[in-house]
Each structure stands twice: as structure tokens, then as C-alpha cells.
Amino acid sequence: MRRALANDGTINVSDQEARAVPDEELPVYTVLVPAYREPEVIAAVVASVASLDYPADRLEVLLLLEEDDATTIAAARTACAGTPVEIVLVPAGEPRTKPRACNYGLMLSSGEFITIFDVEDRPEVLQLRRAVVAFRRSRADIACLQARLSYHNAEQNLITRWFTTEYDTWFQWLLPGLVATGAPIPLGGTSNHIRREVLWDVGGWDPYNVTEDADLGVRLARYGWSVAILDSTTHEEANSDFVNWIKQRSRWYKGYLQTVLVHIRSPRRLINDLGAKGAAGFLLFVGGTPLLAMLNPVFWGLTALWWLNRPSFMAELFPAPVYYIGMACWVLGGFSLVYFGVANARSSGKPQLAFSGLMVPLYWPMMSLAAIKAFVQLVFQPSYWEKTTHGLFQAGSVRSDQPPPKQNTQPLIAPESSLARGQEAEQAVTAVETASPPTGRHQSRRRRITAARLPGSGGSRAEHCVFFGFLTLYIVVGCWLIFGQHSVMGDALSRVANANYVLYSREPKLANIGFVWTPLPSLLFLPFLPLKHLWPPLVEQGLLANIVSAIAMASSTRVLCGLLSELHVSRRVRIWLTVAFGLQPMIIWFGANGMTEALLIVFLLLAIRRLVRWTANMNPRHLMAAGGFLALGYLARYEVLAAGCAAMALVFALSWCRSPGGRAQRRRAAMVDALLVGGPLMAAFALWAIASWVIVSHPFEQFSSVYGNSALVQKGGGNASTDPSLLAMQWLILTPLLVPVLVAAIFLAVRRHDVSLVAPVGLLSAVLAFQVAAYFSGSLFGFLRYQIVVVPMLAVLVGYLYRQNQPIAVILEGRRREWLAGLTAAALMIPGILTSGYAAMMKPEFATEEWNHVRPAVLASLGHPQPVTGSYNGAFEIDREVAAHLDARRLPPGSVVVDSGPGFAVLVASANPRQFVITSDRDFEGAVTDPVGHNIQYLLVSSDHSQHDEVAATWPDLARSSASPFWAEVDVVFASHNHPKTHGWTLWRVRSMP
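Residues numbered from 1 in each chain as written. Predicted model: local features only at pLDDT ≥ 70, side-chain atom pairs only at ≥ 80, totals over all residues. Heavy atoms only, no water.

- Under the UniProt heading Subcellular location (unreviewed entry), the note attached to the protein chain is "Membrane". (UniProt positions renumbered as here; feature names shortened; annotations may be inferred.)

## Let's talk about the overall build of the protein chain
- When you go through the protein chain residue by residue, the secondary structure sums to 44 helices and 14 strands.
- Considering the protein chain as a whole, with its 994 residues, one finds that 56% of them fall into the buried category.
- Relative to all contacts within the protein chain whose residues are 6 or more apart in sequence, the contacts with residues 24 or more apart total 78%.
- For the protein chain, the exposed area adds up to about 41200 Å²; of that, 62% sits on carbon and sulfur atoms. (Helix = DSSP H or I, 4+ residues; strand = E, 2+ residues; numbered from the N terminus. Buried < 20%, exposed > 50% of the residue type's maximum accessible area, 1.4 Å probe, protein only. Contact = heavy atoms within 4.5 Å. Areas by Shrake-Rupley, 256 points an atom, 1.4 Å probe, with all protein chains shown as cover.)

## Points about the packing of helix 27 (residues 620-636) against helix 29 (residues 663-696)
- Put simply, helix 27 and helix 29 touch, their axes get as near as 7 Å, and they point 25 degrees apart. Taken as axis vectors, helix 27 and helix 29 run roughly parallel relative to one another. Crossing geometry of helix 27 relative to helix 29 is assigned as right-handed. Across from Pro-620, Leu-623, Met-624, Ala-626, Gly-627, Gly-628, Leu-630, Ala-631, Tyr-634 and Leu-635 in helix 27, the residues of helix 29 making contact are Asp-673, Leu-676, Val-677, Pro-680, Leu-681, Ala-684, Phe-685 and Trp-688.
- Among the residues making up the contact of helix 27 with helix 29, the classes are represented as 15 nonpolar, two polar and one charged. (Axes fitted to C-alpha atoms, helices over the stretch in contact; angles between N-to-C directions. Parallel < 35°, antiparallel > 145°, perpendicular 65-115°, else oblique. Left-handed = near helix turned anticlockwise from the far one by under 90°. Nonpolar A, V, L, I, M, F, W, Y, C, P; charged D, E, K, R; others polar.)

## Re the packing of aromatic side chains
- With the rule as written, the count across this model stands at 31 aromatic pairs.
- With centroids separated by 5.4 Å and ring planes inclined at 15 degrees, the aromatic side chains of Phe-335 and Tyr-339 adopt a geometry described as stacked. Of this pair, Phe-335 and Tyr-339 are both found in helix 13 (residues 320-347), four residues apart, which corresponds to roughly one turn of the helix.
- Judged by relative accessible area, which is 8%, Tyr-339 ranks as buried.
- Aromatic ring contacts, followed pair by pair, group Tyr-151, Trp-162, Phe-163, Tyr-167, Phe-171, Trp-245, Trp-252 and Tyr-363 into a single cluster.
- The ring of Trp-517 is capped by Arg-495, whose NZ or CZ atom sits 4.6 Å from the centre of that ring.
- A cation over an aromatic ring shows up here: Lys-532 above the ring of Tyr-504, its NZ or CZ 3.8 Å from the ring centre. (Phe/Tyr/Trp six-rings, centres within 6.5 Å; stacked < 30°, edge-to-face > 60°. Lys NZ or Arg CZ within 6 Å of the ring centre and 35° of its normal.)

## So, helix 3 (residues 42-50)
- For helix 3, the set of buried residues is Ile-42, Val-45, Val-46, Ser-48 and Val-49. Around the axis of helix 3, the buried residues are gathered within 160 degrees of arc, so they sit on the same side.
- Where the residues of helix 3 are buried, they touch strand 2 (29-35), strand 3 (59-66), helix 4 (70-79), strand 4 (85-90) and strand 6 (122-123). (Arc of directions from axis to C-beta.)

## Points about the sheet that holds strand 11 (residues 916-917)
- Pairing is mixed across the open sheet formed by five strands, whose spatial order is 11-10-12-14-13. Lying at the two open borders of the sheet, with one neighbouring strand each, are strand 11 and strand 13 (968-974).
- The sheet contact formed by strand 10 (residues 896-897) and strand 11 spans two bridges and is parallel. Residue pairing in the sheet places Val-897 in a bridge with Val-917 of strand 11. (Pairing = 2+ DSSP bridges.)

## Details of a nonpolar patch on the surface
- A cluster of nonpolar side chains, Trp-307, Trp-330, Ile-690, Trp-693, Val-694, Ile-695 and Val-696, forms an exposed patch at the surface whose accessible area comes to about 730 Å².
- Looking at which element gives the most residues to the nonpolar patch, the answer is helix 29, with five residues.
- Mapped onto the elements of the fold, Val-696 is located in helix 29. (Patch = residues over 30% accessible without salt bridge, like charges linked within 9 Å, V, L, I, M, F, W, Y side chains within 5 Å. Salt bridge = Lys/Arg side-chain N within 4 Å of Asp/Glu carboxyl O.)

## Looking at the pairing of strand 14 (residues 984-990)
- The buried fraction of strand 14 amounts to six of the seven residues, a majority that puts the element mostly inside the structure.
- Bridge count for strand 13 against strand 14 is six bridges, and the pairing is antiparallel. In the sheet register, Val-972 faces strand 14, and the bridge partner there is Leu-987.

## Comments concerning the nonpolar core
- With 159 residues, the main nonpolar core has Leu-611 and Leu-940 as its most contacted residues.
- Per-element accounting of this core gives the leading share, 14 residues, to helix 26 (residues 597-617).
- Discounting residues that sit within four places of it in the chain, Leu-940 has contacts with Val-882, Leu-886, Val-896, Val-897, Val-898, Val-906, Trp-985, Thr-986 and Leu-987.
- Counting residues in hydrophobic clusters, the runner-up holds 66 residues, among them Ala-101, Leu-175, Leu-270 and Val-360. (Core = buried A, V, L, I, M, F, W, Y, C linked by side-chain atoms within 4.5 Å.)

## Section: helix 6 (residues 127-137)
- Counting buried residues in helix 6 gives nine out of 11 residues, a clear majority hidden from the surface.
- Those residues of helix 6 that fall on the buried side of the exposure criterion are Gln-127, Leu-128, Arg-129, Arg-130, Ala-131, Val-132, Val-133, Ala-134 and Phe-135.

## Here's the deal with the side chain of Asn-498
- In this fold, Asn-498 is placed in helix 20 (residues 490-503).
- Ignoring anything within four residues of it in the chain, the contact list for Asn-498 reads Asn-512, Ile-513, Trp-517 and Ser-522.

## Examining the state of the cysteines
- Within the structure shown, the criterion is met by zero disulfides.
- Left unpaired, Cys-561 is separated from the closest cysteine sulfur, that of Cys-465, by 9.9 Å. (Disulfide = S-S within 2.5 Å.)

## Notes on the packing of helix 11 (residues 267-308) against helix 15 (residues 364-380)
- Relative to each other, helix 11 and helix 15 sit at 115 degrees, their axes nearing to 8 Å. The hand of the helix 11/helix 15 crossing is left-handed. Between helix 11 and helix 15, the residues in contact are Pro-290, Ala-293, Met-294, Asn-296, Pro-297 and Trp-300 and Trp-364, Pro-365, Met-367, Ser-368, Ala-371, Ile-372 and Phe-375, respectively.
- Residues belonging to the contact of helix 11 with helix 15 are distributed by class as follows: 11 nonpolar, two polar and no charged.

## Some words on unusual backbone geometry
- The peptide bond linking Glu-94 to Pro-95 adopts the cis configuration, its omega dihedral lying at -5 degrees.
- By the secondary structure assignment, Pro-95 is in the loop between strand 4 and helix 5 (98-108).
- Look at Met-618: it is not a glycine, yet its phi comes out positive at around 60 degrees.
- With respect to the helices and strands, the residue Met-618 is situated in the loop between helix 26 and helix 27.
- One non-glycine residue, Ser-697, lies in positive phi territory at about 70 degrees.
- The topology assignment puts Ser-697 in the loop between helix 29 and helix 30 (701-704).

## Details of the environment of Arg-495
- Take Arg-495: it is sitting in helix 20.
- Separated by 19 residues in sequence, Arg-495 and Gly-514 place their C-alpha atoms 9.4 Å apart.
- Discounting residues that sit within four places of it in the chain, Arg-495 has contacts with Trp-517, Pro-521, Ser-522, Phe-525 and Thr-596.

## Quick look at the pattern of salt bridges
- For the coordinates displayed, the defined rule picks out 37 salt bridges.
- The partner of Glu-507 in a salt bridge is Arg-922, and the shortest N-O contact between them spans 3.9 Å. Placement of the pair is Glu-507 in the loop between helix 20 and helix 21 (520-525) and Arg-922 in the loop between strand 11 and helix 42 (924-929), with a sequence separation of 415 residues.
- Residue classification places Glu-507 among the buried positions, given a relative accessible area of 16%.
- You can call Arg-922 exposed: its relative accessible area is 69%.
- It is possible to trace a salt-bridge network through shared partners that takes in Asp-491, Glu-597, Arg-637, Glu-639, Arg-785 and Glu-849.

In C-alpha cells, the structure reads:
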């Protein structure tokens, strides 16, 4: 799906291009139409094929009928009169399958290209011409073009709605995604256009396979041929009857299983032909589809059993790694299928199917039933072709899967030319049916997949230089902060500690990541935690957080540069503007210090970039990408929720105004568009809240927990004097010219009717509004970092002023003036650079954290006497001392109880983390209230910590070091040495009971 979003690999041929080819230059094209017991739909397919825009003298249409199918032959004789369609009678034989009939038609064909249409098909009239043009301008290794398939009776009932949603998703997303990855393509059963000589070379169709199309796609790949997707649609009739649907789907699943069994007879040859990646993709996609559908009821039953009873054998059956992988597949996979169904309803112009896309999980049990039936039939009737009834959409259709009534008339005879050609080909058909697999001489040819990218998605050389330049800068500054100035941000280190608990604790589990902070930062650290055995400072001093923030902030500069490029800002101006943004002191600071502001900025800019693209072409794929970035942003910072709500409102309004149709159609399209951009965010919000509620009995720990921001603000005395001027001054400090630039940008946007400006202004303003509301509600400190989004807002707004054809750009147009344009654009950012640096050094009332961290580091590097007044640097030296002291004792697991809220720095610095009983352990509460009964040896209690300490709260005398319980005695006291950010620790020994 991801590859399909970035590159759908579809070949587009316009109407003008298709009609531009002179008739005399078109090749002979063969169309095969196999039919069996289909008298009620023959007339429709003959009319559809006859309406194709292709010269009659170069169109060869063969209607393939079984010679004993008298009813269909009679209907065909009537329908084909006066048309270029030729009736071909297929000799009786076994197996009586569609591919056997197609092989017979292949023997009779003379076209350069060949395609198949089923009897219920309604191909687009220019499809053959489009295919010819596509073949001529494609690579030489493209042997097959698969046209898209859809259904004309999508709204007949709920089954047809589900079926259409599934089919459209398959051909709009899955197959193009497989093409982009270079995997073997399971072709559709119709509208696949193939070079005839290649089809003959690979052996035609397998007459014993009931999904001959999928098998042919794999064989083409094994011979080294490629498949591409043609942007032309053939409409079919969707099965509207439950029983008929089960018959058709079970045949498809059985054919997929047949295809896998045939091709894995020689696994070594399969891997040699397809490569390891291609073979894995084939087995997972073709084999996994029916297999998982068959096993899904087992998984659903186990899940229900776990929620109802939680039997002990389940934990043994699914150990933690398997459980987490399965949970991720269930949640992410299930959501993706539902979400892409809704997205496809919009992208295919059928927003009325979006609701059925949301209900698609109810469709999955039908798939499981069909898969179970397919497996049974594979064992007992492997080549039995279970006939699908067509024509159900028309009233009074005949059940054509029943045997035809006996006829008293003489057998009908095909045209004389058909009989003659049939006699010539009758002996050759067996050779095609038994064609051998490709030999080694075919295997040297490999597919060459070239991916067309979205505009600007790959990035220019300038963007790469910007990224790596700032990445180097931020990492160097981060290392200088940690190793040179001992400046470690507590929030950054606590997130590294949360990740560390998942793998390195007494009870390792994913829930140890906690539910107060957002999970994404800690999840990003998980893969790199084992590297601490090679370089301990990565975890002990939180360097992992600094590296991640450096990558995120460097990515922000690259995304900003790309966004400015798409806004048609000149190269020199966007480089100067991006450099000015990246060198802003607060951007450097938060790119290097390990905090999550960098993740906030990069995800907001990515979402804004996609929304700006969407305003240009209304392509729903951009909404999907923007929704994904907003969901990731929410999992990194909670305030992105406000940006997501703003995005949904803006998209709804713009879609309502710009969509065609009546009021109902516009409303439906606007709702689906809003769902596309907000769906991933809503899913992330709901899943995170549900996980928190299930595990810690509350959905919003950030606001309710004693460890959350609200509790910290209240413990620190609250925002007793919430001053609106504080926020206004912080905005002025970061971006003094924001207001005039914003006014100018809005004026020019209104004058030029440019709606794209609402994306950056709307999303970033929503984040600021969230911060303001949280500050005045007493849930947030008045720190400067909470207003940092005004910096990228100013950079983007300046870019809008310098867009192509804007007054400033016109005045400064020309190579000689381009330098001046770049300098003036950067100059609009320079006042913020100066005022931010000044506030960090001189104004603690506006930049508290920066004054306590940046100022001491700068002064120390300039040789200022140490320690610098108010410095928070070196705050965790005592914690590392405590960890080293306990490690030296080599205590057994579960010996020391400590609240991981204030104790995260001790825990992350310890080489023996299993010695601690921490907050997320199941026996933590019991160990705190009854340390003697739980065989605890020590209690580690903090004093004067800004965060809640459950041990100190339970035993306040221990925190005050006053009269202690009879079972406790002081072992070691670790003093804070009057450091403004450091708290002391007391290690209490627990006396054993006599």
C-alpha cells in the first residue's frame, strides 16, 4: 500500500493519444470471449465488444463456446448476426474449464496482442487502442498489461458494495503496489492484454488451474517478463447472491492454492527464477491470502476466549514477541484494510461506498467460509470449475449453473470458417495445455522495475545537502551538550528510560513504555537499545534521544525546502530561507537536546506539505498521507490532535466548495475527504486511549495521572498568575515579524484566490490555540518551547511571499537579483534569531529552560567560572552515583523498590536493572505497602522531587528521614549538594522479621 501511494506504476494513455494512432498502423488484436451456459448475457457481451473503438478489419473476436452448449450457441447465433464476432466451438474434453477453452482460442488466433473478456464484461471503448499505445511506449520486457476491473452494479445490495470496494482496492492499490515492488502479479481473469508470442512461449493457460490468470502471472514472472497496470476500466457484474458469491470466491481461493502447490514443486527453481524476495512475495500474497482467510476464525476464537476468560495456556501459546507482532498485525492490518477501502471509494469516484468500506470487517467471515470450502474442494475436486451465475442484476435471470434442458432440435453448427480453423487447431491444443515450465535459458532475463515518483518526493540535491548539513550540526551540538556540558534534558532521558524498561527490567513488556507520555519517541529508541552494550552513554545519558531529535529536525529542514520548492519559490530563496530556519537558536537547541519538539515540527510540516498538494489537484492520496503524518504526530505530541481537528474542518470546507454535483453529493464527498485526513488520527487517538484504559484503567493518563503534566504543574504551585502577555512576548521573541508577514501572505492569497495557505496557517494556529488553552487551564507550564511552531509558520509564510509571480518575486526577478531575493527572505527570519538568542541568555522570565540550560553551557564554553548560577546542567550525576553504588552490591532481582517517576535516571544508568521493582511491575503496589512480606531488601526514596514518588507518599516518614518504621533503617544518604535541579536520595534497608 505504501509503494502504491508513492508510485502506482499505472500507464496512463489519454483519449487523444489513443485516437491519434492511424487505423492502418494498428496491429491485429484478438479478443477471446469464453462462455459456458450463459445464454442470458451473450447479447450484452457481443454488444460491448462490437462497440470497441478499433478498426473491424484489425479486430478478431472469438466467442468460445462448448460444442454441446446448445442453449448458449443459439443465443450467440442470434446476437452475433451482423457483428465482427466469430463463434468458435470448443471440442468436448476434460477438464471443462475456461483456460482450456482459451487455449483452443489461442491456437486459432492471429493477432499480435490478445486479451480476454468475460461474458458479463463491459470494457471501456478505447481500451484496445490504449493498450497498443501503452505497449509501444513501454519497456521491451512488459509482456502484459492488466486493465482495471470494477463493477457496474455496485449499489445493488450490501454484498455488491463490499465486493466493489474490495475489487477497486485490489486494482487501484494492491496490484499497482505489487508492480512497484517488482513482485509476481496475480492477473485478473479478464482484461489482461498480452503479447501473443510471449503467451505462446510461456505455454498459454494451465487448463487444470481454476484461477489460470494468477498462474499465468507467476509464469510470466518466472520467464523474466513484467506486468504493468493500464489505466482503463472494464466493468463486470458483481455477485449479489450469497451462495453464488461463495461459489466464485471458493474457486478463486482454490486456484490460488493450486498455483502455490504447482510452483513450489521445485523451491530451488522458484527462487532461482523469481529471486528470494519475489518468491517470498508470491508465497505470502498468493498463498497467504486463502490460508489466512481460512485460519482467521481460529484467531478470532482465540481472541474472544482471551477477552472472556484469559486462560493460562494462552500466555504460553503466545509469548510476548509473538503476541506483540500479532497485535500489531491485527490492529494496523485491520485498520489499513478498512481505511484503504474508504480511500478507494473516494479515489474511484464512488464516495457512496465509503460507509460499506467502514463495515468491511463483517465481510471477512464470508471470505473465511469460502476459504474453508476451497480447501475441502482442493482435496476432493481440485480441477472442478464451479460455475458462477451471471445476469443476476437483470430480473428473471436463469440459474446458468444448472444443467441445460434437453433439446429436440439438431445441434447447432458454427460458421464454416470457424470449423475449418478448429480442425487445424484441434491437434495443437494439447501441446499448449501440457507446456513445460521455463528452462534455464529463460531465467537470465530479469524484470527491470522503474518507479515514477510523486513530484518532489525524491528530493533534490539541495535538499539532501540541507539535510545532511543540519544533521551533522545538530548531532555535534548534541554531543557537546551531553559530553562537554553534562546538559541532559529530563524529559528526553525519561523517554529513553521508558524504552529501556521494555527490554531491560525485571518484567520486560511493552506496557512498560507507560501511558503518560506519547509512545512514539520511546518506540523509536527500542531497536537501538542493545547498542548500549557497545556504547553505554547512548542510554545512560540519553544520547539516543539527541540523535533522534537531530534526525527529526534535520528532516524538518529538508521537508521545508521541498515544500518551498513545490510553492515555486526560486532555488536560491528557498535555500537561504531554509538555512535561516535551521540556524534559528531554538531550532538548533531542540534539534540537539533530545526533546520531542523536533518530531512535532517534522510531522506537522509533512502533513502541511501533503495538504498543500491536495489543494492543487484534490488527489485523495495526499489526504491519506497527511492523515498518516498527523497520526504519527499525535503519537509523538498530544497537541497534534488540535492540528488534526483543524485539518478535518479545512478539508471538509474546501471539499464541499470544490466538489462537483448537488448538495448531497458534495456533502458526501466532503465527509469522506475529512474522514481520510482524520481517520488515522482518530484511530491513533482511540487505540492509545483504549490501551491505556485496558492496562492502567484510565484512558487519559497525561491529565489524570499523578505523574502527568497537570499534576506536575499543580505540585509546582500551578500557574497562579497566567499572564496573556507572557505568551505574546514569547511569540515576539521567536518571530518578531510574524504578524506583518502573516497579514501580507493572507492579503496576497485572497487576491490570487490561493486556498493552499489555509493548510500551514490552520494547522499551526490550531497547535498554538491548544497550547494557549492548556496554559490557561493550568495543565501546562509557560515554557518557551510550547510556542516553537511559530518558527516554521514564519518560514512557510515568507515562502508564500516569494512565490513565483508574487510582487516581491517579480520585482527581484533575474539571476543578478536572485541573491538579493534570498538575502531579503532570510532577513525576515534574522530578527527572531537575535531575539531568541538574547532571551535564552538574558530573560529567564520568558525562556526559563533555555536560561537554565543554554546560558550555562555557552558561558562555560567561554571560560566563565563554574558553577554558573541557576545551571541545570549536571543534574543527574547523583542518580548515576546511586546506580553505581547499587550495582556494586550485585543484588538479586526484585531487591530494591523505587518509583520510576523520580527514579528514571537511576534506572537507566544501572547495569543491573532487574534488581529494581519499578512502578510498572505487577507487584509494585504490594512491595511498597508491605516490603517485608515481599522480601524487599531496600527502599530508594527521593526527597524534594518535583514529581510524585509513590514510596515517599506511602511512607512519608522515610521521605523526611524522621521517625522511621521499626522495620526500616537508613543505609546510605545521597545528598543533592544544593544543585537547583537535583534531588537527594535515601537508601533504606528493610530489616527481616525475626
